[in-house]
Amino acid sequence: MGDNDFVVVANRLPVDKVGDQYEVSPGGLVAALAPVLRAREGCWVGWPGTIGEALEPFAFGGISLLPVALDQEDYEGFYEGFSNSTLWPLYHDLIVQPEYNQQWWERYVAVNRRFAEAAAHAAAENATVWVQDYQLQLVPGMLKEIRPDVTIGFFLHIPFPAPALFQQLPWREEILEGLKGCDLIGFQRGADEENFRLLTQEIRTGTFPISIDSAEIAAAPEASIRELRASVGDPKHLLLGVDRLDYTKGILQRLLALESLLEEGTLEDAAFIQLATPSRERIENYRTTRREVEEAIGRINGSFGEVGRPVVHYVHRSIPKEQLGIYYAAADIMLVTPFKDGMNLVAKEYVAAHPDADGALVLSEFAGAAVELHEAYLCNPFDLESVKDAIMAATEPEPTRMRHMHDWVMEHDVTAWAQSFLEQL
Ligand code: ADQ
């Protein structure tokens, strides 16, 4: 038994290794939970992000961190395998085929047990433990067995599939048993919560759409915005995409829509910037997606670009937060076109970056964010014409739409999200 009244358990610790040092990784979840962790003698349990490194507990920015080690086999079986090649595609409605592999499952069980034991070790008597996301669905059940005194919450950051899909999973009973250790499970959308409740009604559930640290997205300096627009040739329409390079995000679909509009001559004097963070690059489906995206970019620039003036500007790297704010502020049209997405924080970040209600958001109906941001230019990424229509409508935006969405995002920030979950718990 430990002495922490509040314990967060997540796959990753909120730190990144830079050289031989750790730095706090920027992210809404840390920003929202740091004050609660500091006020309640909290502790964060997670993997530090380097394979095979066993670290002692350490403190960072007033938060104590309890590292859980993963070796190469854990990384391949638990993380790349069961979490990201089985659960991720299954929970995103089979955009690619999930793989069902007994060895991966056994690693998932073993690693979840390690996280549960670490949480049991950190938690004080009657502590509150908040477990995050699909990588750790067995932790609540395992923890409840070791420590029946603690209160356990769980939040699923990704969608929860319809029963007919979930039932494909050979270990569906075990996953449900794991989640039954919870006192409260939170989902992003009402539809995810309903899907789950069709399987079991024994557990208390709720819908808590996650958000961003809205106040942190400060207005970008006018000079930087002008400089960015000039660097891509001062187009009439500056379009932007910002994503992890993942097959769920529909990056290729937005490129195909752009290509078709250029071919028809419907959209003129436009430039498109796509920023894509490298992600899960050892998994075959991610490599295929990257290849298809890069081929489409090459083809579009070959057909419609000029020397020194491409139509699509592509960066396959992570961008510092302040710079990202300039891209958001400079873009006339933001393209967020996932086939399926738990929430999609990029959509909310773009809206927060437009306090003057300029700009326009093209948003997939299948992003969790579409529930709150229903005044966006909604589209169906499975239907190319619908994406094209939304882009063209967004070239002449109605400012009231952005004004309403901006007000909403400023009020419903990530701190409000965390508070409402913890109050319910
Ligand atoms: P993700 O699938 O990672 O999150 P998202 O919600 O869009 O998707 O968050 C991505 C974050 O990464 C954003 O904060 C964005 O600013 C940042 N980012 C993306 N590309 C970047 C780049 N090139 N450079 C720098 N930063 C970049 C999962 C679920 C989502 C859910 C979140 C939170 O899949 O549906 O919204 O968790 O619950």
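Residues numbered from 1 in each chain as written. Predicted model: local features only at pLDDT ≥ 70, side-chain atom pairs only at ≥ 80, totals over all residues. Heavy atoms only, no water.

- By the naming in an unreviewed UniProt entry, the protein goes by alpha,alpha-trehalose-phosphate synthase (ADP-forming) and is assigned to Corynebacterium ureicelerivorans.

1. Concerning the packing of aromatic side chains
Next, step 1: Taken as a whole, this structure holds 27 aromatic pairs when the rule is applied.
Next, step 2: Between tyrosine 22 and phenylalanine 58, the ring centres sit 5.7 Å apart and the planes meet at 45°, which makes this aromatic pair tilted. Here tyrosine 22, found in strand 3 (residues 21-24), pairs with phenylalanine 58, found in strand 5 (residues 58-60); they are 36 residues apart in sequence, far enough to count as distant.
Next, step 3: Tyrosine 22 sits in the buried class, given a relative accessible area of 13%.
Next, step 4: With centroids separated by 5.6 Å and ring planes inclined at 50°, the aromatic side chains of tryptophan 88 and tyrosine 134 adopt a geometry described as tilted. Note that tryptophan 88 is positioned in helix 2 (residues 72-91) and tyrosine 134 in the loop between strand 7 (123-132) and helix 4 (139-146), a separation of 46 residues in sequence.
Next, step 5: Overall, the relative accessible area of 6% leaves tryptophan 88 in the buried class.
Next, step 6: Among the aromatic residues, those joined into a cluster by ring pairs are Phe78, Phe82, Trp105, Tyr108, Phe115 and Trp171.
Next, step 7: For the cation-ring pair, arginine 12 lies above tryptophan 47, with the distance from its terminal atom to the ring centre recorded as 5.8 Å.
Next, step 8: Positioned above the aromatic ring of tryptophan 88 is the side chain of arginine 280, whose terminal nitrogen or guanidinium carbon lies 4.2 Å from the ring centre. (Phe/Tyr/Trp six-rings, centres within 6.5 Å; stacked < 30°, edge-to-face > 60°. Helix = DSSP H or I, 4+ residues; strand = E, 2+ residues; numbered from the N terminus. Buried < 20%, exposed > 50% of the residue type's maximum accessible area, 1.4 Å probe, protein only. Lys NZ or Arg CZ within 6 Å of the ring centre and 35° of its normal.)

2. Notes on the site of the ligand
Next, step 1: Close to the ligand lie 24 residues; His157, Ile319, Asp341, Met343 and Glu349 are nearest.
Next, step 2: One nitrogen or oxygen atom from the main chain of glycine 342 is found 3.0 Å from an oxygen atom belonging to the ligand.
Next, step 3: The contact in question runs from an oxygen atom of the ligand to an N or O atom on the backbone of methionine 343, over 2.8 Å.
Next, step 4: The protein chains hide 85% of the 720 Å² of surface that the ligand would expose on its own.
Next, step 5: Counting residues per element, the ones that place at least two in the shell around the ligand are strand 11 (237-244), strand 12 (270-277), helix 11 (321-330) and helix 12 (345-352).
Next, step 6: Class assignment for the residues of the shell around the ligand results in eleven nonpolar, six polar and seven charged.
Next, step 7: A domain split of the shell around the ligand shows at least three residues from each of domain 1 (4-207) and domain 2 (215-411). (Near = heavy atom within 4 Å. Polar contact = N/O pair within 3.5 Å; in protein donor to acceptor, adjacent residues only side chain to side chain. Areas by Shrake-Rupley, 256 points an atom, 1.4 Å probe, with all protein chains shown as cover. Nonpolar A, V, L, I, M, F, W, Y, C, P; charged D, E, K, R; others polar. Domains from an automatic or database assignment.)

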